[in-house]
Amino acid sequence: EKAGYDHFMLKEIHDQPQAYRDTLSGRLFKGYPWVYLPELKLTPEQIKQFRNIHIVACGTAYHAGLVGKTAIERWARLPVEAEVASEYRYRSPLITPETLVIVVSQSGETADTLAALREAKRHGARVLAVTNVVGSTAAREADDVLFTWAGPEISVASTKAYSTQLLAFYAFAIHLARIRGTLPDEEIGPIVHALTKLPEQVESILQRKDEIKSYAEEIASREHLFFIGRGVDYAVVQEGSLKLKEISYIHSEAYAAGELKHGTLALIEEGTPVVALATQPDLYEKTVSNIREVMARGAGVLGIATEETAGLAGSVDRLLLIPSTHPMIAPALTVIPLQLLAYYASVARGYDVDKPRNLAKSVTVE
Ligand code: BG6
């Protein structure tokens, strides 16, 4: 069952290259229409009528929604809100028939998310479900479904469901952008190319998992850890921080790098571990100055960069390089070391990785 791995979580982390291939298979083309999503009933006319999008989900799926929001806004130029389902449904959200509501749920059975789905439909919105389970309640009740083909996810801590949700969002954002005419072909081409390279790039990160393992063993005895990043790096560190807390019980905070000085910078002390993501060339300089702020207070910084931002090596204590990719696509790679960090920290602390305390795989009560 675990295919020789010690835990389902580790197996599922290693399933990701194949999960990426399966999720992208048949959906990407090297030219027009670039992305093909035949399961969508949504017509181009309907897509052109949308005025806004709400992305609603819980937990890890919500974090995928944060990346989805950024991609859709940037490429399809539609206003997008992303919110946790347990808040969304009780604040009388401004839903109109011109709103597309996207619910994201690995299981398709999370009660809060289903309640939001029903609330959206009651207001006449069209609902798209991004889910991993064929025949799930979300898949049955939504108007449209985009399946993530991650395969069964057993470990309570979600890994390949999150990363394939990112791919579903990228594909859908390109689809919207092409129909709305908001992204020229010269820009779509490199994005599609970056997506096709992901499976082998994930393989190459997995081959270097020992680098993360040794870092995880170092921080395993710590009580607190900070994650910082800007833009989509900030979205990913929120997921990395959740993962670490969920299975290793090390307290951590994910901070927008530029916000730290407006908030809890005082908690950074001599030796506080900080994981800093800096994969976005246009935000690189700003992120480096935020890294300097924490280093000046004695933080020990692990930087994660791509080949484009490899200059980060000079500003951090140690660097993990991920392969070169399109900046918007970077989360599909950077999440892998963060998953491994949470996994190895949990193992080092002697916990039952696949069955973390107080957490269920799917919560079917509100
Ligand atoms: C939580 C799980 O209860 O539900 C999380 O512990 C998960 O791991 C969240 O991300 C949402 O689940 P789903 O199935 O709706 O994606």
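It should be emphasised that the depicted structure is a prediction, and the values quoted were computed from it without experimental measurement. (Residues numbered from 1 in each chain as written. Predicted model: local features only at pLDDT ≥ 70, side-chain atom pairs only at ≥ 80, totals over all residues. Heavy atoms only, no water.)

## Notes on the site of the ligand
Short version of the rule: Nearness here has a simple test: a residue counts as near a molecule or strand if at least one of its heavy atoms is within 4 Å of that partner. What qualifies as a polar contact is a pair of N or O atoms within 3.5 Å, subject to a donor-acceptor requirement within protein and to the restriction that residues adjacent in sequence count only when both atoms come from side chains. Only the protein chains shown count as cover for residues, and all accessible areas are computed by the Shrake-Rupley method using a 1.4 Å probe. The rule is simple: put a 1 Å grid over the protein atoms alone, call a set of points where a 1.4 Å probe fits but cannot get out a cavity, call an open set with protein on both sides within 12 Å along at least five of seven lines a pocket, and count a residue as lining if it has an atom within 4 Å of a point. Placement in a cavity or pocket follows one criterion, namely that more than half of the molecule's atoms lie within 2 Å of its grid points. We call Asp, Glu, Lys and Arg charged. Ala, Val, Leu, Ile, Met, Phe, Trp, Tyr, Cys and Pro are nonpolar, and the rest, Gly among them, are polar.
Among the 13 residues in the neighbourhood of the ligand, the closest are listed as Ser-105, Gln-106, Ser-107, Thr-110 and Ala-360. A distance of 3.1 Å separates an oxygen atom of the ligand from a polar backbone atom of Thr-60. The protein chains hide 92% of the 390 Å² of surface that the ligand would expose on its own. The cavity where the ligand resides is the largest pocket. Grouping the constituent residues of the shell around the ligand by class yields six nonpolar, six polar and one charged.

## Focus on the packing of aromatic side chains
Both the distance between ring centres and the angle between the ring planes are used here to describe each pair of aromatic rings. Inclusion rule: Centres within 6.5 Å make a pair out of two Phe, Tyr or Trp rings, where for Trp the six-membered ring is used; the pair is then stacked when the planes are under 30 degrees apart, edge-to-face when over 60, and tilted otherwise. Helix and strand labels come from DSSP, where a helix needs a run of H or I of at least four residues and a strand needs a run of E of at least two; each type is numbered from the N terminus. Residue burial is assigned from relative accessible area. The probe radius is 1.4 Å, only protein chains are included, and a residue is buried under 20% of its type maximum, exposed over 50%, and partly exposed in between.
Scanning the entire structure with this criterion turns up five aromatic pairs. When the centroid spacing of 6.2 Å and the interplanar angle of 45° are considered together, the rings of Trp-75 and Tyr-170 count as tilted. Taken together, the residues Trp-75 in helix α4 (residues 59-76) and Tyr-170 in helix α8 (residues 160-180) connect sequence positions 95 residues apart. Judged by centre distance (5.1 Å) and plane angle (75°), the rings of Tyr-343 and Tyr-344 are edge-to-face. A relative accessible area of 2% means that Tyr-343 is categorised as buried.

## With respect to the side chain of Glu-153
To keep things clear, this is the line we draw: By definition in these notes, contact holds between two residues if any of their heavy atoms fall within 4.5 Å.
Here Glu-153 is to be found in the loop between β5 (144-147) and α8. What makes Glu-153 buried here is its relative accessible area of 7%. In this structure the side chain of Glu-153 is engaged in a polar contact, spanning 2.9 Å, whose partner is the backbone nitrogen of Thr-159. With sequence-adjacent residues up to four places away left out, Glu-153 is seen in contact with Glu-12, Gln-106, Ser-158, Thr-159, Lys-160, Ala-161 and Lys-361.

## Overview of the pairing of strand β6 (residues 224-229)
Spelled out, the test is: Only strands joined by at least two bridges in the DSSP assignment are considered to pair. If the strands point away from the viewer and the path from the first strand over the helix to the second runs clockwise, then the crossover is right-handed.
Buried residues dominate β6, accounting for five of its six residues. Taken together, the six bridges between β6 and strand β7 (residues 251-256) define a ladder with parallel strand orientation. From the neighbouring strand, Leu-225 faces β7, where its bridge partner is Ser-252. In this region the chain leaves β6, passes through helix α11 (residues 232-248) and returns to the parallel neighbour β7; the handedness of that crossover is right-handed. Where β6 and strand β8 (residues 273-278) come together, three bridges link them in parallel fashion. The residue of β8 that forms the bridge with Ile-228 is Ala-276.

## Concerning unusual backbone geometry
Leaving glycine aside, a negative phi is the common case for residues, and trans is the common case for peptide bonds. Here Tyr-32 and Pro-33 are connected by a cis peptide whose omega angle stands at 5°. Counting through the fold element by element, Pro-33 comes out in the loop between α2 (16-24) and α3 (44-49). Within the chain, Tyr-249 stands out as a residue other than glycine whose phi angle is a positive 60°. If you trace the backbone, Tyr-249 turns up in the loop between α11 and β7. Not every positive phi belongs to a glycine, and Asn-358 is a case in point at roughly 60°.

## Let's talk about α2
Where we set the bar: Directions pointing from the helix axis toward each C-beta atom define the arc.
Along α2, the residues classified as buried are Gln-16, Pro-17, Ala-19, Tyr-20, Thr-23 and Leu-24. Projected down its long axis, α2 carries its buried residues within an arc of 165°, all on one side.

## Focus on the confidence of the model for the chain
Note the threshold: Every residue carries a pLDDT, the predictor's confidence in it, which falls somewhere between 0 and 100.
Summary statistics for the chain give a mean pLDDT of 97 and a share of 100% for residues scoring 70 or more. Across the whole predicted complex the pTM is 0.98, and at the interface the ipTM reaches 0.98.

## Points about the pattern of salt bridges
Applied cut-off: Criterion for a salt bridge: a side-chain nitrogen of Lys or Arg within 4 Å of a carboxyl oxygen of Asp or Glu.
Following the criterion strictly, the structure yields 18 salt bridges and no others. Put simply, Lys-213 and Glu-217 hold a salt bridge, and the shortest N to O gap is 3.6 Å. Pair noted here: Lys-213 and Glu-217 are both in helix α10 (residues 209-219), with a separation of four residues, about one helical turn. Glu-217 gets classed as partly exposed once you look at its relative accessible area, which sits at 44%.

## A look at empty space enclosed by the protein
Applicable threshold: Grid points are joined across faces, edges and corners, and a volume is the space filled by probe spheres set on the points.
Going through the model one piece at a time under the given rule, you end up with one cavity of 30 Å³ or more. Empty space within the largest cavity amounts to approximately 30 Å³. The wall of the largest cavity is formed by Thr-279, Pro-281, Thr-306, Glu-308, Thr-325, His-326, Pro-327 and Ala-330. Its residues assigned to classes, the lining of the largest cavity comprises three nonpolar, four polar and one charged.

## Comments concerning the layout of surface pockets
Of the volumes computed, that of the largest pocket is approximately 520 Å³. Lining the largest pocket are 28 residues, and of these Cys-58, Gly-59, Thr-60, Thr-110 and Lys-361 sit closest to its centre. Broken down by secondary-structure element, the contributors of at least two residues to the lining of the largest pocket are α4, β3 (99-105), α6 (111-122) and α11. A breakdown of the residues in the lining of the largest pocket according to their chemical character gives 12 nonpolar, 11 polar and five charged. The element that contributes the greatest number of residues to the lining of the second largest pocket is α4, accounting for five residues. Here the lining of the second largest pocket is composed, by residue class, of eight nonpolar, five polar and three charged.

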